[in-house]
Amino acid sequence: MALDQLYQEVLLDHYRQPRNRGELADADVRLELKNPFCGDEILLTLKMADGRVQKAAFEGHGCVISQASASVMTEKIKGLRVEEIEKIADQFTRLVKEGRYERPEEEEFDEIEAFAGVCEFPTRVKCAMLAWRTLLQGLQAHEHDHPHDDH
Ligand code: ZN
């Protein structure tokens, strides 16, 4: 299977069967952002514990890229600390803007790589980034409100 075909499969799979779809009732972080250029919407809820994302869920609608991105993201960030998440968000940003990604050696295939083709379509970068922007803004607001709440 060609690589771009594999990427396409991953995106469609997440779009058709979104992981972690829903809204957490006991969320510590709750934020909704929109991408007016495409009509994409993401409502993200997170449950935090010990400075880590314990649970993540999203509701939303919009194009394949925006929804698949949210689905892949909620899988990816579970159990991670905020600093780790910020690092992955940086990698993802570079990937969708420049098509560059350094895969950690221990991983065979990272579903994040499926977004490598986005860099060829600059208008879609906002679609791919919407979930991650929601995540980073939500986490920042949470840190601001709970500066010592990491134990
Ligand atoms: Zn979109």
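See the structure shown above.
Counting starts from 1 at the beginning of each chain's written sequence and moves along it residue by residue. Local features are withheld for residues below a pLDDT of 70 in this predicted model, meaning they are given only at 70 or higher, and side-chain atom pairs are given and counted only at 80 or more; totals for whole chains, interfaces and linings count all residues. Values reported for side chains reflect all heavy atoms of the structure, with hydrogen atoms and water molecules removed beforehand.

## Observations regarding the pairing of strand E3 (residues 52–61)
In plain terms, the rule: At least two DSSP bridges between two strands are needed for those strands to be called paired. Strands here mean DSSP runs of E at least two residues long; helices mean DSSP runs of H or I at least four residues long; both are numbered from the N terminus.
Note: strand E2 (residues 40–49) against E3, 9 bridges, orientation antiparallel. Bridge pairing links Glu-41 to His-61 in E3. Joining the antiparallel neighbours E2 and E3 is a turn of 2 residues, in which Asp-50 adopts a positive phi near 55°.

## Considerations on the coordination of the zinc ion
This is how the line gets drawn: Here the term donor refers to an N, O or S atom within 2.8 Å of the metal (or 3.2 Å for Na, K and Ca), and because water is left out of the atoms, sites may appear incomplete. The buried label goes to any residue with under 20% of its type's maximum accessible area, the exposed label to any with over 50%, and the partly exposed label to all in between, with areas taken from a 1.4 Å probe on protein chains only.
Cys-38 (SG), Asp-40 (OD), Asp-40 (OD), Cys-63 (SG) and Cys-127 (SG) make up the full set of protein donors to the zinc ion, lying at 2.1 to 2.7 Å. In primary sequence terms, the donor set of the zinc ion follows C-x1-D-x22-C-x63-C. Of the two residues, Cys-38 sits in the loop between strand E1 (29–35) and E2 while Cys-127 sits in helix H4 (residues 125–145), which places them 89 residues apart along the sequence. Note on Cys-38: relative accessible area 36%, which makes it partly exposed. Classification of Cys-127 as buried rests on a relative accessible area of 1%.

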